[in-house]
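Chain residues, written in single-letter form:
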Amino acid sequence: MILVNKPFYPPEEEYIEYVREIWKSGWLTNNGPLVSELEEKLKSLLKLDNLLYVSNGTIALQMAIKALDLKGEIITTPFTFVATTNSIAWEGCDPVFVDIDPDSLNLDPKNIEAAITDKTVAILATHVYGNPCDVEAIDSIAKKHNLKVIYDGAHAFNVQVNGKSIFEYGDISTCSLHATKWFHTVQGGFIVAKNPKIRERLIAMKNHGISGFYSFSTVGTNARNCELHAAMGLLNLKYLDRIDKKRKAITEKYDNAFKKFNCKRPVWHKNATQTYAYYPILFESEEKLREVINHLFQNNILTRRYFFPSLSESLPYLPKNKFEITDYITKRVLCLPLFYELTEDEVNKIIRFTSECL
Ligand code: T4K
């Protein structure tokens, strides 16, 4: 069976070397030496002095909401992984969905102002598939209405927009370094906060709010990551170029094969670098999409409807609401397999069986 995604596995012996080092060090978690080393390396690679490495992308979002003291309505996208919306609700805020842009598939800034009420406190937008939101428009609406901005950059690890890291936008930006991501640390994530005071708060929050041996400065949680995960990250950093080249080559092969058919791809931000995190493709109808899913499945190929159903219609804890563009897109978008270990034969098979339906 060809899976839709598979984590990158660095050479086993190299990981075992790290495990030996950990055993010798006698330190497993709570800001150990490898966690600190990884955090420093990520800061320098991404040119983000304020980066804070945490245990996953969901806790990063929850901490962002908590650190900004948000209480009230948060305008967000119904087209994202459920962790985005869950984090808002988990922190006791009310998610308010607005429709997405039909080209970028990101939250459409044109719909934000109409959704603002006197309870609105923030905008939480996802850079879907790593494709940057219209950050200028969102930031300017936020400024005008005195709202905070959080960007969920779970898919956007290495993306630059307007010549700088995507994580420099918003009051806080977050990332996921989960095993299925382009760059991963098994479980992991990071948070980037603009304001140094918020950053200090996040540092304490990550460690139960502890600020000294016997003192506490804020409410906290356990968002510390461990040495075994950091070891995976340090090792995977060595293979970034190789991972990028392979994913790019597969993406280009898909692009070339499918360009003659009547299917669309999300339109990428014109001032941003590419990332090859997912391969979403939009079919002409839901019937066509189902046909492709079934045909691929019968030929042992798994795909995934990232993201379906619309979160505005499917969460048991929220009222149901349909949005025209989100409804259209969620019924037509499918992610084809994209991961480092895919062989040329497998890519050819995926192309052949998909094309047979088009
Ligand atoms: N915000 C956004 C926009 C996100 O997309 C995510 C996570 C988050 C926030 C939260 O970040 P984290 O708290 O997760 O760090 C997967 C990932 O688990 C999830 O991290 C990711 N987004 C989401 C888009 O995809 P599922 O439910 O699709 O995962 P699962 O277990 O079905 O795996 C997907 C494929 O990968 C399968 O074909 C199996 C394969 N796989 C998976 C794992 C974990 C493996 O072969 N080996 C493995 O170890 O959510």
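The model shown is predicted, which means the values in this text are computed figures rather than measured ones.

Reading guide: rules and limits
Per-chain numbering applies: the sequence of each chain, read as written, is numbered from 1 onward. Whole-chain, interface and lining totals are the exception, using all residues; otherwise, since this is a predicted model, local features are given only for residues with pLDDT of at least 70 and side-chain atom pairs are given and counted only at 80 or more. Note that water and hydrogens are dropped before the side-chain values are worked out from all heavy atoms of the structure. Domain boundaries shown here were taken from an automatic or database domain assignment. Should any heavy atoms of two residues lie within 4.5 Å, those residues are considered in contact. Accessible surface is computed with a 1.4 Å probe, and the buried area is the amount of it that two parts give up when combined, taken over both parts together. Here, a salt bridge means any Lys or Arg side-chain nitrogen found within 4 Å of an Asp or Glu carboxyl oxygen. For this analysis, a polar contact is any N or O atom pair within 3.5 Å, provided that within protein one partner can donate a hydrogen and the other can accept it, and provided that sequence-adjacent residues contribute only side-chain to side-chain pairs. Here a strand is any run of E in DSSP of at least two residues, a helix any run of H or I of at least four, and the numbering for each starts at the N terminus. Nearness here has a simple test: a residue counts as near a molecule or strand if at least one of its heavy atoms is within 4 Å of that partner. Throughout, the Shrake-Rupley method with a 1.4 Å probe supplies accessible areas, and for residues the shown protein chains are the sole cover considered. Put simply, Ala, Val, Leu, Ile, Met, Phe, Trp, Tyr, Cys and Pro go in the nonpolar bin, Asp, Glu, Lys and Arg in the charged bin, and everything else, Gly too, in the polar bin. Cavity and pocket criteria rest on a 1 Å grid covering protein atoms alone: a 1.4 Å probe that fits but cannot get out defines a cavity, protein on both sides within 12 Å along at least 5 of 7 lines defines an open pocket, and an atom within 4 Å of a point defines a lining residue. Grid points are joined across faces, edges and corners, and a volume is the space filled by probe spheres set on the points.

Student: I'd like to hear about the domain arrangement of the protein chain, residue by residue, with values.
Tutor: Here the protein chain is described as being made up of domain 1 (12-237) and domain 2 (240-355). Contact residues are listed per partner, giving 39 residues for domain 1 and 33 residues for domain 2. Interface of domain 1 and domain 2: buried area, both sides summed, is about 3,100 Å²; carbon and sulfur atoms make up 67% of it. Seen at the junction of domain 1 and domain 2, the total is zero salt bridges. Taken together, the connections running from domain 1 to domain 2 amount to 14 residue pairs in polar contact (both at pLDDT 80 or more). Among the secondary structure elements, those contributing two or more residues to the side of domain 1 that touches domain 2 are helix H4 (82-90), strand S3 (94-97), strand S6 (160-161) and helix H8 (227-238). Among the elements that line the side of domain 1 that touches domain 2, the one with the most residues is H4, at four residues.

Student: So what about the site of the ligand? Which residues, and what values?
Tutor: Contacts to the ligand come from 24 residues, most closely from Thr58, Asp152, His155, Arg304 and Tyr306. Between the ligand and Asp152 there is a distance of 2.6 Å, counted from a nitrogen atom to a side-chain nitrogen or oxygen. Take Arg304: an N or O atom from its side chain is 2.7 Å from an oxygen atom of the ligand. Relative to its free-state accessible area of 920 Å², the ligand is covered by the protein chains to the extent of 76%. Broken down by secondary-structure element, the contributors of at least two residues to the shell around the ligand are helix H3 (57-67) and H4. Partitioning the shell around the ligand into residue classes produces eight nonpolar, twelve polar and four charged.

Student: Can you break down the layout of surface pockets residue by residue, with the values?
Tutor: Estimates place the volume of the largest pocket at around 360 Å³. Breaking the lining of the largest pocket down by element, the ones donating at least two residues are H3 and H4. The greatest single-element share of the lining of the largest pocket, amounting to three residues, is contributed by H3. Classifying every residue of the lining of the largest pocket by side-chain character gives seven nonpolar, twelve polar and three charged. Counting the residues that make up the lining of the largest pocket, at least three belong to each of domain 1 (12-237) and domain 2 (240-355).

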